[in-house]
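Inside the fold
Here are the chains, one letter per residue:
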Amino acid sequence: MDLRELGWNDFFADSFAPYKAKGLTVARVIREHRKKFLICTGDLDIQAEMAGRIVHKAASRAEHPTVGDWVAVRLLEKGQAFIEAVLPRKSKFSRKGAGLNNNEQVIAVNVDTIFLVTDMAGDFNLRRLERYLVLAWDSGAKPVIILNKMDLCDDIHSYVSEAKFIAPDVPVHAISAVESQGIEGLHEYLGVGKTVALLGSSGVGKSTLINSILGMERLEVGQVRPEDGKGRHTTTHRELIVLPEGGAVIDNPGMRELHMLADLDDHRMMLAFEDIADIAENCKFRDCQHMHEPNCAVRDAVENGTINSDRVEGYLKLRHEIQLLTLRQQQNLSKKEVQKRQALHGRRPRRRKR
Ligand SMILES: Nc1nc2c(ncn2[C@@H]2O[C@H](COP(=O)(O)OP(=O)(O)OP(=O)(O)O)[C@@H](O)[C@H]2O)c(=O)[nH]1
Ligand SMILES: [Mg+2]
Ligand SMILES: [Zn+2]
């Protein structure tokens, strides 16, 4: 297979040039499990490990190779392969991992389009969708909203219009993955050179949709719990699947929580709230926080019903969450800074008791 079918392009080729000169091979990571990788060189799918230097050089785990990455690989005669470098990423969808630190957890890289998959039943939640959209816009890939299970729904139109309402510039597709309805509409995102990642809660039908695109039962699909329609976390590993007509899709395990990252770019965040950004142009103060300032156009719009108050509240809550994280990160940083200085100048000697 020509790697261009898998998305290889001049952007990656430029950064690969110095590794090529050293005799390394390029490959794309298609699976990852406990630091063992399956990579595709175009001709072969082979097992690979991380070279020690990549582990030492990485500032955090977010820089380790992950599914979707283009990597420079040293192939040894004994059939071993070592990933020596991760090429710069074209896009990256991350969330904050569990715990108090702002530890970035990378979910999808080098994808062109992100399918945010939900259903037209129990999973559908506009506030959650907004969180996905904020992180998706931040990733550099284009979001597309997929409303699955239309075969179970008799009010498709209202789900579609609610989704369109919070994301006017994002394509919204109503589909049924099991009955293969609406799948044709997704073909514009798929094909030679393109990569799509599917994200969403467990049980919404991500793997079913990929099977439907492939026209075969390639991935395991799980039952949902009859009580609440929630999935059972059937997919346990991220995997890149090469499509026969070119391009690739990445299946992901269902996500439970979607924590924001600190330092999210304000400008990019507003891409998920363009309706609010438009109204805010008329606030008296340019840096209006829409809290207690006089002549706030956003609060006025809530009061006279031109904008949905849940939506504005959702936005303010998200912004607050990001600000808190950013603050905490700065405090952590300054704590580290103090420790560094202490180490550098030697701790103050303890006064000796007389
Ligand atoms: N009625 C109906 N059921 C669907 C549809 N798509 C998926 N399902 C069912 O939903 C259940 C979960 O589907 P999966 O494809 O395993 O969901 P998933 O999003 O991959 O879930 P995880 O791997 O756990 O993240 C299965 O029982 C599917 O048959 C659909 O369009 N309509
Ligand atoms: Mg799955
Ligand atoms: Zn305002």
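Here we summarise the structure given alongside this text.

The rules behind these values
Residues numbered from 1 in each chain as written. Chains lettered and ligands numbered in written order. Predicted model: local features only at pLDDT ≥ 70, side-chain atom pairs only at ≥ 80, totals over all residues. Heavy atoms only, no water. Core = buried A, V, L, I, M, F, W, Y, C linked by side-chain atoms within 4.5 Å. Buried < 20%, exposed > 50% of the residue type's maximum accessible area, 1.4 Å probe, protein only. Contact = heavy atoms within 4.5 Å. Donors = N, O, S within 2.8 Å, 3.2 Å for Na, K, Ca; no water. Helix = DSSP H or I, 4+ residues; strand = E, 2+ residues; numbered from the N terminus. Near = heavy atom within 4 Å. Polar contact = N/O pair within 3.5 Å; in protein donor to acceptor, adjacent residues only side chain to side chain. Areas by Shrake-Rupley, 256 points an atom, 1.4 Å probe, with all protein chains shown as cover. Nonpolar A, V, L, I, M, F, W, Y, C, P; charged D, E, K, R; others polar. Pairing = 2+ DSSP bridges.

**Some words on the nonpolar core**
- The biggest cluster of nonpolar side chains holds 83 residues, and the ones touching the most others in it are Ile39, Phe93, Leu133, Ile145 and Phe273.
- With sequence-adjacent residues up to four places away left out, leucine 133 is seen in contact with Leu116, Pro143, Ile145, Ile166, Ala167, Val170 and Ala272.
- In terms of nonpolar packing, the next biggest core, distinct from the first, is built from 21 residues, Val144, Tyr189, Val196 and Ile241 among them.

**Focus on the coordination of the zinc ion (ligand 3)**
- Within the protein, the atoms that donate to the zinc ion (ligand 3) are Cys283 (SG), Cys288 (SG), His290 (ND1) and Cys296 (SG), at distances of 2.1 to 2.4 Å.
- Donor residues for the zinc ion (ligand 3), ordered by position in the chain, follow C-x4-C-x1-H-x5-C. Taken together, the positions of cysteine 283 in the loop between α7 (274-280) and α8 (297-303) and cysteine 296 in the loop between α7 and α8 put the pair 13 residues apart, joining distant regions of the chain.
- On the basis of relative accessibility, which here comes to 2%, the residue cysteine 296 falls in the buried class.

**A word on the site of ligand 1**
- Taken together, 24 residues form the shell around ligand 1, and within it Asp151, Ser202, Thr208, Gly222 and Thr235 come nearest.
- Separating an oxygen atom of ligand 1 from a side-chain N or O atom of serine 176 is a distance of 3.2 Å.
- At a separation of 3.4 Å, an oxygen atom of ligand 1 approaches a polar backbone atom of histidine 233.
- Within the complex, the protein chains bury 91% of what would otherwise be the 650 Å² of accessible surface of ligand 1.
- Of the residues forming the shell around ligand 1, the biggest block, three residues, is contributed by helix α5 (residues 206-214).
- Across the shell around ligand 1, the residue classes tally to seven nonpolar, 14 polar and three charged.

**What to know about the coordination of the magnesium ion (ligand 2)**
- Protein-derived ligands of the magnesium ion (ligand 2) are Ser207 (OG) and Thr235 (OG1), with the metal-ligand distances lying across 2.0 to 2.1 Å. Highlighted residues: serine 207 in helix α5 and threonine 235 in the loop between α5 and β12 (239-242), separated in sequence by 28 residues.
- Among the residues examined, threonine 235 registers a relative accessible area of 16% and is labelled buried.

**Remarks on the pairing of strand β13 (residues 248-251)**
- Alternating positions in β13 separate into two faces, Ala248 and Ile250 on one and Val249 and Asp251 on the other, with burial throughout.
- For strand β11 (residues 195-199) and β13, the ladder comprises three bridges, and the chain directions are parallel. Its bridge partner lying in β13, valine 196 is registered against valine 249.
- Pairing of β12 with β13, which is carried by four bridges, proceeds in the antiparallel orientation. For leucine 240, the partnering residue across the bridge sits in β13 and is isoleucine 250.
- Linking β12 to β13, which pair antiparallel, is a turn of five residues; within it glycine 246 sits at a positive phi near 100°.

**Brief notes about unusual backbone geometry**
- Backbone geometry places asparagine 110, a non-glycine residue, at a positive phi of 55°.
- Here asparagine 110 is to be found in the loop between β7 (104-109) and β8 (113-119).
- One non-glycine residue with positive phi stands out, namely histidine 290, at about 60°.

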